[in-house]
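Read off the chains here:
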Amino acid sequence: MKFITFCLLATFNFCAFVNGVPVVCDFFTNESFYVCGVKYIEITSKYDRTITQVVGDHEEGKTDDDVDYFQSLGHTIKYFPLELGKKFKNLDTLVINNSSMVEINASDLQQFGASFKSFNIQNCDIEVLEAGLFNNMPNL
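Residues numbered from 1 in each chain as written. Predicted model: local features only at pLDDT ≥ 70, side-chain atom pairs only at ≥ 80, totals over all residues. Heavy atoms only, no water.

Student: I keep staring at the nonpolar core and nothing clicks. Help me out?
Tutor: Within soluble globular proteins, side chains that are nonpolar generally end up buried alongside one another. Within the largest apolar cluster, 30 residues are counted, with the highest numbers of intra-cluster contacts made by Cys36, Phe70, Phe88, Leu94 and Phe112. Sorting the residues of this core by element identifies strand S1 (21–30), strand S2 (33–40) and strand S7 (93–97) as the ones contributing at least two each. It is S1 that contributes the most residues to this core, four residues altogether. What Phe112 contacts, discounting residues up to four positions off in sequence, is Phe80, Leu84, Gly85, Leu91, Leu94 and Met137. (Core = buried A, V, L, I, M, F, W, Y, C linked by side-chain atoms within 4.5 Å. Buried < 20%, exposed > 50% of the residue type's maximum accessible area, 1.4 Å probe, protein only. Helix = DSSP H or I, 4+ residues; strand = E, 2+ residues; numbered from the N terminus. Contact = heavy atoms within 4.5 Å.)

So this is what it looks like as structure tokens:
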């Protein structure tokens, strides 16, 4: 029985890793920004934090490529989301407030590149900030 339970748990964890993390957005224009206002995201595993799907209705004529501002307020984001910079290719502002994020590494931020301008993390449970975290982000 223990073996069967182990196999089921191993299969479930593998499926979760393969499936990745969806993000549900409320897309809107605010001043000069086109925003993904997060309605739902949940990242609880360091090993399953790759953004694989973005869901939400864009404003007319807009796409994921137009998003330059990502805002998550009060969602469960324990580990930094990966592939966010690939889903939103022009993202230059990131706001994550009131989450349970515990660490941020330089490799987490490589997805954004040198044009990244603003990074706002507040009311999180940060325990680890890697040395040199922002070295490759001259506009930040």
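Student: Is there a simple way to explain the environment of Gly56 in this structure?
Tutor: Topologically, Gly56 is positioned in the loop between strand S4 (51–55) and strand S5 (69–73). For Gly56, a relative accessible area of 33% gives the class partly exposed. Sequence separation between Gly56 and Val23 is 33 residues, and the spatial gap between their C-alpha atoms is 8.6 Å. In this structure, Gly56 is in contact with Cys25 and Phe27, ignoring residues within four places of it in sequence.

Student: How should the packing of aromatic side chains be read in this particular structure?
Tutor: Counted according to the given criterion, the structure contains eight aromatic pairs. On the numbers, 6.0 Å between centres and 15 degrees between planes, the contact of Phe27 with Tyr34 is stacked. Of the two residues, Phe27 and Tyr34, neither departs from the other in class, the shared state being buried. With centroids separated by 5.7 Å and ring planes inclined at 65 degrees, the aromatic side chains of Phe119 and Phe134 adopt a geometry described as edge-to-face. Taken as a pair, Phe119 in strand S9 (residues 118–122) and Phe134 in the segment after strand S10 (128–129) lie far apart in primary sequence, 15 residues in all. Among the residues examined, Phe134 registers a relative accessible area of 37% and is labelled partly exposed. Of the aromatic side chains, those joined through ring pairs into one cluster are Phe80, Phe112, Phe116, Phe119 and Phe134. (Phe/Tyr/Trp six-rings, centres within 6.5 Å; stacked < 30°, edge-to-face > 60°.)

Student: What should I look at first to understand the sheet that holds S4 in this one?
Tutor: In space, the six strands of this open sheet follow the order S4-S1-S2-S5-S7-S9, with mixed pairing throughout. Unpaired on one side and paired on the other, S4 and S9 mark the two borders of the sheet. Put simply, the sheet's adjacent strands are angled 25 degrees from each other on average, direction ignored. Where S1 lies against S2, seven bridges are found, and the strand directions are antiparallel. Directly across from Asn30, in S2, lies its bridge partner Phe33. (Pairing = 2+ DSSP bridges. Axes fitted to C-alpha atoms, helices over the stretch in contact; angles between N-to-C directions.)

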